[in-house]
Amino acid sequence: MNFSGIITGIISFLIIGILHPVVIKCEYYFSEKIWVVFLALGLIAGVLSLLIENCVLSGILGILSFVLLWCIRELKEQ
């Protein structure tokens, strides 16, 4: 059995679920000026996803990268 898809799905769900309240708290305490941190972390996660050979870990980092970049949009909307 190959559990890599299920593992990636569960981790994606957790990443989105954890970052949603983090974005709200960051916007409350730091305003939208914190978007640069999300950009930097998103770019770092994206580069790491390209460098790691493990497919599951690379996929998870890619998902994390795009969720962090999406957080910038959420910061601007709030």
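Residues numbered from 1 in each chain as written. Predicted model: local features only at pLDDT ≥ 70, side-chain atom pairs only at ≥ 80, totals over all residues. Heavy atoms only, no water.

(A) Molecular detail of the overall build of the chain. Helix and strand counts for the chain come out as three helices and zero strands. If one aligns the C-alpha atoms of the chain with their principal axes, the spans along those axes are about 45 × 25 × 15 Å. Counting only residues that meet the buried cut, the chain has 28% of its 78 residues in that class. Here the chain displays about 5600 Å² of accessible surface, and carbon together with sulfur accounts for 75% of that area. Charge-centre separation for the chain: the mean point of 4 positive side chains lies 8 Å from the mean point of 5 negative side chains. (Helix = DSSP H or I, 4+ residues; strand = E, 2+ residues; numbered from the N terminus. Buried < 20%, exposed > 50% of the residue type's maximum accessible area, 1.4 Å probe, protein only. Areas by Shrake-Rupley, 256 points an atom, 1.4 Å probe, with all protein chains shown as cover. Lys, Arg positive; Asp, Glu negative; His and termini not counted. Charge placed at Lys NZ, Arg CZ, Asp CG, Glu CD.)

(B) Inspection of the nonpolar core at higher detail. Within the largest apolar cluster, twelve residues are counted, these being Ile-15, Leu-19, Val-23, Cys-26, Ile-34, Phe-38, Ile-60, Val-67, Leu-68, Cys-71, Ile-72 and Leu-75. At the level of secondary structure, the elements contributing two or more residues to this core comprise α1 (4-30) and α3 (55-77). The element best represented in this core is α3, accounting for six residues. Excluding anything up to four places from it in sequence, Cys-71 contacts Leu-19, Val-23 and Phe-38. (Core = buried A, V, L, I, M, F, W, Y, C linked by side-chain atoms within 4.5 Å. Contact = heavy atoms within 4.5 Å.)

(C) Representation of a nonpolar patch on the surface in the model. Residues Met-1, Phe-3, Ile-6, Ile-7, Ile-10, Phe-13, Leu-14, Ile-18 and Val-22 make up a contiguous nonpolar surface patch of roughly 1000 Å² in combined accessible area. Tracing the backbone through its elements, the reader meets Val-22 in helix α1. (Patch = residues over 30% accessible without salt bridge, like charges linked within 9 Å, V, L, I, M, F, W, Y side chains within 5 Å. Salt bridge = Lys/Arg side-chain N within 4 Å of Asp/Glu carboxyl O.)

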